[in-house]
Structure formats: C-alpha cells, structure tokens
Amino acid sequence: MPDIVFDIVGTCISYEKVIDAITLRLGDRFKESGIDPRLFFFFWLAGCERDYSYLSQCKHYQKFGDIFKYTFYRSLFFAGVKEPRTYANDDDLEFIYGEWFKLEGRPELKEMFKRLRDYGFTIWCLTDASHDRVAGYFKRSGVDMPDENLISCDSIGVGKPEAKVYEFIANKIPSSGNDAFFAASHMWDSIAAKQGGFITAWSSVHEKEPCPEVFGSPDIIATGLVDMADKIIAKHKELNAA
C-alpha cells in the first residue's frame, strides 16, 4: 500500500488565525506606523524559518516555537519600529503566541485526506512544529490523525530541509519507490523531499507561485488540496500501471 508524508503548517493548516491575532492586538498601532499585519507576519515567519534551518545546520537545534516567540521584538525592529519593547509588550506577545496554538485546517483538508485514504494511502505527517501543537491543530479541525503517524523534527533533533530529516521519514514509512509520496506547499520542502527519493506534490495554497527557475519542479503541481489529492492518485496509478 502507498504512503504519503505531509508537511503540516502552511500546507494542511492555515496561518490566518495568527494573522487575525496580530491585526486584533497591534492593528491600530500598525496602521499608524504603516505596517501591514499580514506582511509583518510572513516576514516574521520567514525569519523564523531561516534561523531554524541555520541553527540546525550549525548543530545548535532549537524548537521552532521558541524561535517564533523570541524573535518577535527583533521582527518589529526590522519592520521599522525603533523601540520595539516600548511599542509592544509581553502581553501582546503572549496573546499572539497563544493564538499560534489555535490554527485550523484549510477548508479542503478533510476531503483531501478522505480521498487519499479511500484510495489506499496511509497518511503521515512530518513537521518542524512540536508534536503537541500539531496534534492540537488536527483536533481543533476535527481531523483524525494517529499519534504514531505524526512526526516532529523535535524528536529527530534536526530540522528541515536537512537531508537527515527526509532520510529518517523514508526509513520509517513502510513503502518506498513509486509508493512513497511527499506533499507540501513550500517549494523548498518539496524539492528537499524529491532529493530524498520521494515522489513529490506541491500545492499553491500557500505560496501561489512555484518559482521553478529557483527550485526546479516537483513531480506534481496542484492548486487546491483536493486537486492535489486527485493528481497524487492519478500519478500513483500512472507509475504503478502494469
């Protein structure tokens, strides 16, 4: 039976809840400062992803949630706030950080998983986030995910997109070759998984533009999550046709 490994946050789970929290808490101040809440969040997130990866590469692994929390004031400074700890405070940070744990599944998540499972795929999760945080996202979204199929990089001590991460999950799932798929909405994640031997699928739900001139191409390019499920099933049939 085929297996598919999913990236979770950004792919299956939307960031909108935390963007709403930033808008609610800092929106008036941001408006006066000419800072867009959505742009601020994705700048903050991009810095976290960079630092998470760099720290893993230099053998100083840190949990993603800690990096997110403790780079808040730095991100405000980079956004043009000269005195971040006067402009905002720890109550603001704790509110936003609390909402970070309340993210919810994208609208097509349940149907995507259903189609893949009905076809015969076993679904696995590989995330930079903590195990408990992602388990909470699935619970809030009403999506069944067996605990043993949810793998956090925290348990490996190495972060994406290091090759060891994809090697670990490739060795953990039962299948290989044309039965081993990887799905993400981050092109860097898709390409790293492809280098790790997976059949890869990318959905435009997060990044919109695949930028193949930079990343190359995954095996499957899809729009929504249901479209990705249908194309994954079709690709599996194609690859395993007798």
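Residues numbered from 1 in each chain as written. Predicted model: local features only at pLDDT ≥ 70, side-chain atom pairs only at ≥ 80, totals over all residues. Heavy atoms only, no water.

Enquirer: What is the right way to look at the nonpolar core in this model?
Expert: As a rule of thumb, soluble globular proteins bury nonpolar side chains together. Counting 75 residues, the largest nonpolar core has Phe6 and Trp100 as the members making the most contacts within it. Sort the elements by how many residues they give to this core and helix H2 (residues 37-57) lands first, with six residues. Every residue in contact with Phe6, bar those within four places of it in the chain, is listed here: Thr11, Cys12, Met112, Phe113, Leu116, Ile123, Trp124, Cys125, Leu126, Ala183 and Met228. (Core = buried A, V, L, I, M, F, W, Y, C linked by side-chain atoms within 4.5 Å. Buried < 20%, exposed > 50% of the residue type's maximum accessible area, 1.4 Å probe, protein only. Helix = DSSP H or I, 4+ residues; strand = E, 2+ residues; numbered from the N terminus. Contact = heavy atoms within 4.5 Å.)

Enquirer: Please clarify how the environment of Ala201 should be interpreted in this entry.
Expert: Relative to the helices and strands, Ala201 is located in strand E5 (residues 199-203). When its relative accessible area of 0% is taken as the criterion, Ala201 is described as buried. Sequence-wise, Ala201 and Ser217 are 16 residues apart; in three dimensions their C-alpha atoms are separated by 9.5 Å. Apart from the residues lying within four places of it in its own chain, the contact partners of Ala201 are Phe182, Ala183, Ala184, Ser190, Ile220, Met228 and Ile232.

Enquirer: What is the right way to read helix H8 (residues 131-141) from this model?
Expert: The α-helix winds at 3.6 residues per turn, so residues separated by three or four positions along the chain end up facing the same way. Among the residues making up H8, those that are buried are Arg133, Val134, Tyr137, Phe138 and Ser141. Looking straight down H8, one finds that the buried residues subtend no more than 135 degrees of arc, so they occupy a single side. With respect to the buried face of H8, the exposed residues turned more than 90 degrees away are Asp132 and Lys139. Contact partners of the buried residues in H8: helix H3 (64-70), helix H6 (90-100), helix H7 (109-119), strand E2 (122-127) and strand E3 (150-152). After H8 finishes, the residue Gly142 shows a positive phi value of roughly 70 degrees. (Arc of directions from axis to C-beta.)

Enquirer: How should the side chain of Ser190 be read in this particular structure?
Expert: As for its placement among the helices and strands, Ser190 is situated in helix H10 (residues 187-195). With residues up to four places along the chain from it excluded, the contact list for Ser190 reads Ala184, Thr200, Ala201, Trp202 and Pro218.

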